[in-house]
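Results of the structural survey
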Amino acid sequence: MKIFYTDNLIIGGGLAGLRLAISTKEAGYKTTVLSLIPVKRSHSAAAQGGMQASLGNSVMSQGDNEDVHFEDTVKGSDWGCDQKVARMFTQVAPKAIRELTAWGVPWSRIQRGDKSVMMDGKRDIITESDASHGLIAARDFGGTKKWRTCYTADATGHTMLYAVANEAIKQGVEILEKKEAVKLIHKDGVCYGAVVKDLMNGEIFAYLSKATTIATGGYGRIFEASTNAVICEGTGAAIALETGVAKLANMEAVQFHPTCLVPSGILMTEGCRGDGGILRDVDGHRFMPDYEPEKKELASRDVVSRRMTEHMRKGKGVKSPYGDHLWLDISILGRKHIEKNLRDMQDICQSFLGIDPADDKVWIPVRPMQHYSMGGIKVDETGQSPHLAGLFSCGEAACWDLHGFNRLGGNSVAETVVSGMIVGEYVSKYCKKHNLKLDTKLAKDFMTQFDIEQDTILSRICDLAHKPNELNIYDIRDKMRKIMMDKVGIFRTGDELQSALDEIKKLYQDSLGVHIRSGDKFANPGLIDTLRVQKMLKLALCITKGALQRTESRGAHTREDYPKRDDKNWLKRTLTSWSDSNMDEPEVSYEELDIGSMELPPGFRGYGKKGNVIEHPQSAVRQKEVDDIRKAHSDKDRHEIQKLLMPYKLPRKYTNKNERIGVGYE
């Protein structure tokens, strides 16, 4: 048995993991990244529309700052986020985007003078100042008051990933590809590394480390229709859950993106609507103003997805062999704009549908599909699990709780690098304070446990060619995905969720006795997929049970039988755990959100009708406290007032004020 040693073991080679790796490597610690695939093929590359950072460069961004970005993020989360984390994030985002610029990201830039744009379905002219010429541009995105989403055409994630990966390689970060962490090594409430499987030869080995960081992305492939890459199966969150110590948070908070290509499910960036594209129904009617007259197509993603689904339920969808869909019209933007700023969308439509969306009145068939996981490994503001010391997480794998119950577009790709920067500093501090535990017996014990798990599955080998009616893991996986899509989707009811919970529990039990073709312990895809699907089923149960017990509607979690946001009873974070490996469903507990410490107390989000909230009595009390503090200290600047309202901590290197055109460091 092979055992390796490192200071910081990072599981996941996307933007979050690589950016965190740079921080710990720069601090002088040996840093090892494990990745299922070559890191430059990470799902981070799929991010299209842009990264939010309050630079305030454009004429349409004037007045933007951390306060505005913070308020947009909190409201977007439907008051489900950790407001201190939101403050940390909005403060560092401008620094992150400038760092990326230095590393070579070719951000789209502002050109002085008049510019023709589409706004609210109409052609308009904006005029950029001479002072803004050459600065980083921004486009409009849903749920934001200002144009804040910085972009490189519609390939932002691709350019960011290559820049960060190149910097990690330059810094000498050890990157090991085609490696999968299958079990965390832990003892007495402390994580000491992971058991790892080499996907090329099936070899099992261990990594012992001071700190272990999970940055494996989301779990979208639990659903039948998802924009996520095939590797986004939630294995990082699952191995944390399987420790029986670490907990997951807000797993029922699952975002559906409004505009996904039919039938392939490929994402059509929010930049299509941010740049002025509109949604049409079967009659060619632009329907979003009927539902959301203020924000229209640029309401938050959860809102647009619901409105699209409601409209199709009314019979206004376009019939197709793949189900009903609606139309996304970007032809109104003009060929020149599309071929400059939305060229990947044009290529995708041409390649997968044989249409050119730049042609007059050629529309793109779209419908909502699963897109993002707000839930994940429960961590505190420093990115560390409060339940398992030495275990950190960042990016989509974590519930750092920046997004609460709905994420704003552009905040996810921003979160990857910002959380990598911030959490990376705290991981470095942890490594400085702790010695590497050279416990080879502990590592061997966990490797033996994994060997036993594999042997247990392999002891039930069956040749499916001779027993075609026997269950196989792929049937179980496909049934799970369909159940999640049909019963744990955009709209949820108690009856359907209970049915889904019962059915998935049965699938999980079936998976424990599944048959596979080969008895080979090493190069055996059937064995690997069996282990993965069992993990996916556990996550599906966490999502479903959390959704069943949360009897309210908040953000992307919409209960048709409980249509109101219930702050009085449900202003709390869901925690799920799996303390006993013999259990067939998770344990669920809750963590109250402290209204008394909020800078922005719960209020009207700005969508639908007022009065659709069961208010918490403490909200009005806290709002009065906030108003009184602002009034009493009106002579102070916004930073001083903010500290009085809700102090928060950041690593010292990120505390400096951000510079903006026309106002300097304010």
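Before reading on, note that the structure itself is shown above.
Residues numbered from 1 in each chain as written. Predicted model: local features only at pLDDT ≥ 70, side-chain atom pairs only at ≥ 80, totals over all residues. Heavy atoms only, no water.

The next subject is the environment of Thr269. Within the secondary structure, Thr269 sits in the loop between strand 12 (254–261) and helix 6 (271–274). Accessibility expressed as a relative area gives 2% for Thr269, which makes it buried. Counting along the chain gives 72 residues from Thr269 to Lys197, while the straight-line C-alpha distance between them is 35 Å. What Thr269 contacts, discounting residues up to four positions off in sequence, is Gln48, Gly49, Phe141, Asp154, Thr259, Leu342 and Met345. Among the polar contacts listed, one links the side chain of Thr269 to the backbone nitrogen of Gly49, at a separation of 3.2 Å. (Helix = DSSP H or I, 4+ residues; strand = E, 2+ residues; numbered from the N terminus. Buried < 20%, exposed > 50% of the residue type's maximum accessible area, 1.4 Å probe, protein only. Contact = heavy atoms within 4.5 Å. Polar contact = N/O pair within 3.5 Å; in protein donor to acceptor, adjacent residues only side chain to side chain.)

So, about the sheet that holds strand 16 (residues 376–378). The five strands lie next to each other as 18-16-11-20-21, forming an open sheet whose pairing is mixed. The open sheet has two free edges, formed respectively by strand 18 (398–399) and strand 21 (587–592), since each of these has just one partner strand. Across two bridges, strand 11 (residues 248–249) lies against strand 16 in antiparallel orientation. Counterpart to Leu248 in the pairing with strand 16 is Ile377. (Pairing = 2+ DSSP bridges.)

Counted by the stated rule, this structure contains nine aromatic pairs. Through a chain of ring-to-ring contacts, the aromatic side chains of Phe4, Phe205 and Tyr207 assemble into a single cluster. Of note, Arg87 hangs over the ring of Phe70, and the distance from its end group to the ring centre comes to 4.4 Å. One residue, Lys572, lies across the ring of Tyr590, its end atom 5.6 Å from the ring centre. (Phe/Tyr/Trp six-rings, centres within 6.5 Å; stacked < 30°, edge-to-face > 60°. Lys NZ or Arg CZ within 6 Å of the ring centre and 35° of its normal.)

Moving on to unusual backbone geometry. Between Val262 and the following residue, Pro263, the backbone shows a cis peptide bond with an omega angle of 10 degrees. The residue Pro263 is located in the loop between strand 12 and helix 6 in this model. With phi around 60 degrees, Lys178 is a residue other than glycine that occupies positive phi space. Counting through the fold element by element, Lys178 comes out in the loop between strand 7 (174–177) and strand 8 (179–187).

A word on empty space enclosed by the protein. Summed over the entire model, instances satisfying the criterion amount to five cavities of 30 Å³ or more. Here the largest cavity defines a volume of roughly 120 Å³. Listing elements by their share of the lining of the largest cavity, those giving two or more residues are strand 4 (113–119) and helix 9 (335–341). Ranked by the residues each element gives to the lining of the largest cavity, the list is headed by strand 4, at four residues. Classifying every residue of the lining of the largest cavity by side-chain character gives five nonpolar, four polar and three charged. Around the second largest cavity, the lining residues are Glu180, Ala181, Val182, Lys197, Thr235, Phe450, Ile528, Leu531, Arg532 and Lys535. Counting only elements with at least two residues in the lining of the second largest cavity, the list comes to strand 8 and helix 15 (525–549). With four residues, the top contributor of residues to the lining of the second largest cavity is helix 15. Within the lining of the second largest cavity, the residues separate by chemical class into five nonpolar, one polar and four charged. (1 Å grid on protein atoms, 1.4 Å probe; cavity = no way out; pocket = protein on both sides within 12 Å on 5 of 7 lines; lining within 4 Å. Points joined across faces, edges and corners; volume = space filled by probe spheres on them. Nonpolar A, V, L, I, M, F, W, Y, C, P; charged D, E, K, R; others polar.)

A few words now on the nonpolar core. Judged by nonpolar contacts, the single largest core of 141 residues is most densely connected at Met51 and Ile222. With 26 residues, the next largest nonpolar core counts Met288, Leu342, Met345 and Val366 among its residues. (Core = buried A, V, L, I, M, F, W, Y, C linked by side-chain atoms within 4.5 Å.)

The next point concerns the side chain of Lys487. Position of Lys487 among the secondary structure elements: in helix 13 (residues 473–487). At 2.5 Å, the side chain of Lys487 forms a polar contact with the side chain of Glu503. Residue contacts for Lys487: discarding those within four places in its chain leaves Arg492, Glu496, Leu497, Ser499, Ala500 and Glu503.

Moving on: the state of the cysteines. This structure, assessed with the given rule, holds zero disulfides. No disulfide involves Cys81; its nearest neighbouring cysteine sulfur is the one of Cys399, lying 10 Å away. On the accessibility criterion, Cys81 (3% relative accessible area) is buried. Not part of a disulfide, Cys150 finds its nearest cysteine sulfur in Cys272, a span of 18 Å. (Disulfide = S-S within 2.5 Å.)

A few words now on the packing of helix 1 (residues 15–26) against helix 11 (residues 411–433). Relative to each other, helix 1 and helix 11 sit at 35 degrees, their axes nearing to 7 Å. Considering how the two elements wind past one another, helix 1 and helix 11 form a crossing that is right-handed. The residues of helix 11 that touch helix 1, namely those facing Leu15, Ala16, Arg19, Leu20, Ser23 and Thr24, are Val413, Thr416, Val417, Gly420, Met421, Val423, Gly424, Glu425, Val427 and Ser428. (Axes fitted to C-alpha atoms, helices over the stretch in contact; angles between N-to-C directions. Left-handed = near helix turned anticlockwise from the far one by under 90°.)

Glancing now at the sheet that holds strand 12. Read across the open sheet, the four strands follow the order 12-15-14-13; overall the sheet is antiparallel. The sheet is open, and its two borders are formed by strand 12 and strand 13 (278–280), each paired with just one other strand. The mean inter-strand angle of the sheet, taken between neighbouring strand axes irrespective of direction, is 45 degrees. Of the strand pairs in this sheet, strand 13 and strand 14 (residues 326–329) are connected by three bridges, and their pairing is antiparallel. What sits directly across from Ile278, in strand 14, is Asp329.

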